[in-house]
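# Per-entry structural report
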There are 2 protein chains.
Amino acid sequence: MPKKVDPEARRHEVAEAVFRVTRRDGLEHASLRNVAAEAGLAVGSVRHYFEGQTDIMIFAMRHFVDRVGARLLEHVRDRPGPGASADRHVAAFEAALAELLPLDAERREETEVWLAFTVSARTREELRPYAERLYDQTRELVHKVLTAAERTGVLRDGVDADTETERLYALVDGLALHSVLQPGRLDAEGLRAALRRHLDEIMPRAAGR
Amino acid sequence: MPKKVDPEARRHEVAEAVFRVTRRDGLEHASLRNVAAEAGLAVGSVRHYFEGQTDIMIFAMRHFVDRVGARLLEHVRDRPGPGASADRHVAAFEAALAELLPLDAERREETEVWLAFTVSARTREELRPYAERLYDQTRELVHKVLTAAERTGVLRDGVDADTETERLYALVDGLALHSVLQPGRLDAEGLRAALRRHLDEIMPRAAGR
DNA sequence: AAGAATTTAGCACGGTGGTGCTACAAAGGC
DNA sequence: GCCTTTGTAGCACCACCGTGCTAAATTCTT
């Protein structure tokens, strides 16, 4: 039995091809034929690893959600020790949230894919479970940051972590949305400034203004 | 010459059909055939009023942008007189911004269409000019609200209208995005709460907490 | 070497899409 | 009454899509 290829690796390659086509031409062009061409494979080959086109989409989105989720977990782990200064803690929180913004090429591409898939999931029920998982896990990160801030004592008095979660989460996704849809009007600097402004508001720093 | 029908009115009807199909099945299903069926017309009839399918999309999006723009202008007009109390001014600002949120069925439908079209415009250059106009005119509204707040003196000290524009705009669009994509997790009350919380922060009220 | 499982490749069908083109009905001007 | 303009309708063509199916190449096991 020729096990030259790792089936799961092949599927990942196909998923990556789906992402490239989606970024370049939109999700509606991610047909079996276009994806196969993008991956440098024959249509029949691609079909060997998937049940059908819908299966490809589901796999691609699940792969995406897993990947993003894993990356977010990483950045939650490495935070400063309990003895660190308040400003240092705030900086770590800012870094964790910045992970959700398209500040570099990689995360910009990721954001483009995220947008295409989550929006498509509104009218494609087979994708909705994954869109919901992505929503929940991202919200969870934001919530974790805010509760950690609360626990660390850097959250301003009268500011409640639970209440703030949706506001901060919406802000971050709104910034990501604007940056991806209007790259000429909102660059990385603008993103950083808006996020920093928001954090300055709810987590006042000593050194800051 | 039988001028039974007003051609522009017919085009508007077709555009409305495009919106309904888009909301229900997604923009990718807004084909000539589907749209004609949705409008209760024959394909040939629809084609009589448009150059082609692309023309339909362009017209629909332009129509949408114009309509939203007109509605926003209305709500900018009716603000309290210069003698009104500060809290009354803030309430008017909040009402203007609430116009951008999917708080009722009509604006929810509008938001769904907005999302489908603006996202699609990222990879469809013929739609991009209208997406940019929509972005600009909405941003303009947010900016107007903030400068008016600054002029009225209700903006907190140290808060700059220009700097705040992108943050508030992103927050509003982020809320709209979340509410439309995850209707089960963010309802109208949540939207209102987040917006109010933000305004409380940058435009502190006397009566409020 | 032989056989079997895996992988790659492609044909052909039915369905849907946009569009060029034609045919016909309706209605006002001469 | 006739003709021209405007609206309605539909056929036919080609392109693209997903998919059932078949066939061939590849490579490990025995």
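Just so you know, these numbers come straight off a predicted model, no measurement behind them.

## Comments concerning the overall build of chain A
Of regular secondary structure, chain A possesses nine helices and zero strands. Considering only C-alpha atoms, chain A reaches an extent of 60 × 40 × 30 Å along its principal axes. Burial statistics for chain A: of 209 residues in total, 49% are counted as buried. Counting only contacts in chain A whose residues sit at least 6 apart along the sequence, the fraction spanning at least 24 positions is 69%. Counting every atom, chain A has about 9,900 Å² of accessible surface; 49% of that belongs to carbon and sulfur.

## Let's talk about the UniProt feature "domain: HTH tetR-type" (unreviewed entry) in chain A
Under the UniProt annotation, "domain: HTH tetR-type" (unreviewed entry) lies at residues 8–68 of chain A. For residues 8–68 of chain A, the helix share is 79%, the strand share is 0%, and the end-to-end C-alpha distance is 18 Å.

## Things to note about the packing of helix α4 (residues 53–77) of chain B against helix α7 (residues 128–152) of chain B
Residue and element names in this part refer to chain B. Remark: α4 packs on α7, axes separated minimally by 10 Å, with the N-to-C direction vectors making an angle of 10 degrees. Classified by the angle between their axes, α4 and α7 sit roughly parallel to one another. Between α4, through Ile58, Met61, Arg62, Phe64, Val65, Asp66, Val68, Gly69, Leu72 and Val76, and α7, the contact on the second element is made entirely by Tyr130, Ala131, Arg133, Leu134, Gln137, Thr138, Leu141 and Lys144. Its residues placed into classes, the contact of α4 with α7 shows eleven nonpolar, three polar and four charged.

## A look at the nonpolar core
Among the nonpolar cores identified, the biggest contains 143 residues, and Val18, Phe117 and Met203 of chain A together with Val18, Phe117 and Met203 of chain B are the most heavily contacted of them. Setting aside anything within four residues of it in sequence, one finds Met203 of chain A in contact with Val90, Phe93, Leu146, Ala149, Val154 and Leu155 of chain A.

## Considering the packing of aromatic side chains
With the rule as written, the count across this model stands at eight aromatic pairs over all chains. Ring geometry for Phe19 of chain B against Phe64 of chain B: centres 5.8 Å apart, planes inclined by 70 degrees, an arrangement best described as edge-to-face. Pair noted here: Phe19 of chain B is in helix α1 (residues 7–25) and Phe64 of chain B is in helix α4, with a separation of 45 residues, a long-range link. Accessibility expressed as a relative area gives 1% for Phe19 of chain B, which makes it buried. Using a relative accessible area of 3% as the deciding quantity, one classes Phe64 of chain B as buried. Following the ring pairs from residue to residue traces out a cluster consisting of Phe19, Phe64 and Phe117 of chain A.

## Here we look at the pattern of salt bridges
It is possible for side chains bearing opposite charge to pair when their charged atoms get close. Residue and element names in this part refer to chain A. Scanning all chains against the criterion turns up 54 salt bridges over all chains. Between Glu38 and Arg24 there is a salt bridge, with the nearest N and O atoms lying 2.3 Å from each other. Residue Glu38 is located in helix α2 (residues 32–39), and its partner Arg24 is located in helix α1 (residues 7–25); the two are separated by 14 residues in the primary sequence. Judged by its relative accessible area of 24%, Glu38 falls in the partly exposed class. Accessibility expressed as a relative area gives 46% for Arg24, which makes it partly exposed. Shared partners join several salt bridges into a network, and the residues in it are Glu16, Arg67, Arg71, Glu99, Asp104, Arg107 and Glu110.

## What about the protein's contact with DNA strand D?
In the region of DNA strand D, 21 residues are neighbours, and Leu32, Arg33, Arg47 and Gln53 of chain A together with Ser45 of chain B sit closest. The sugar-phosphate portion of DNA strand D accounts for 54% of its atoms within 4 Å of the protein, the bases making up the rest. Side-chain polar atom of Arg33 of chain A to a base nitrogen of DNA strand D: 2.7 Å apart, as the coordinates give it. Broken down by secondary-structure element, the contributors of at least two residues to the surface near DNA strand D are α2 of chain A together with α3 (43–48) of chain B. The element that contributes the greatest number of residues to the surface near DNA strand D is α3 of chain B, accounting for four residues.

## A closer look at the environment of Thr152 of chain A
Residues and elements named next belong to chain A. Turning to its location among the elements, Thr152 is positioned in helix α7 (residues 128–152). C-alpha of Thr152 to C-alpha of Val90: the two residues are 62 residues apart in sequence and 9.5 Å apart in space. The residues touching Thr152, leaving out its near neighbours within four places in the chain, are His89 and Phe93. A polar contact is formed between the side chain of Thr152 and the backbone oxygen of Ala148, at a distance of 2.4 Å.

The rules behind each value
- Residues numbered from 1 in each chain as written.
- Chains lettered and ligands numbered in written order.
- Predicted model: local features only at pLDDT ≥ 70, side-chain atom pairs only at ≥ 80, totals over all residues.
- Heavy atoms only, no water.
- Helix = DSSP H or I, 4+ residues; strand = E, 2+ residues; numbered from the N terminus.
- Buried < 20%, exposed > 50% of the residue type's maximum accessible area, 1.4 Å probe, protein only.
- Contact = heavy atoms within 4.5 Å.
- Areas by Shrake-Rupley, 256 points an atom, 1.4 Å probe, with all protein chains shown as cover.
- UniProt positions renumbered as here; feature names shortened; annotations may be inferred.
- Axes fitted to C-alpha atoms, helices over the stretch in contact; angles between N-to-C directions.
- Parallel < 35°, antiparallel > 145°, perpendicular 65-115°, else oblique.
- Nonpolar A, V, L, I, M, F, W, Y, C, P; charged D, E, K, R; others polar.
- Core = buried A, V, L, I, M, F, W, Y, C linked by side-chain atoms within 4.5 Å.
- Phe/Tyr/Trp six-rings, centres within 6.5 Å; stacked < 30°, edge-to-face > 60°.
- Salt bridge = Lys/Arg side-chain N within 4 Å of Asp/Glu carboxyl O.
- Near = heavy atom within 4 Å.
- Polar contact = N/O pair within 3.5 Å; in protein donor to acceptor, adjacent residues only side chain to side chain.

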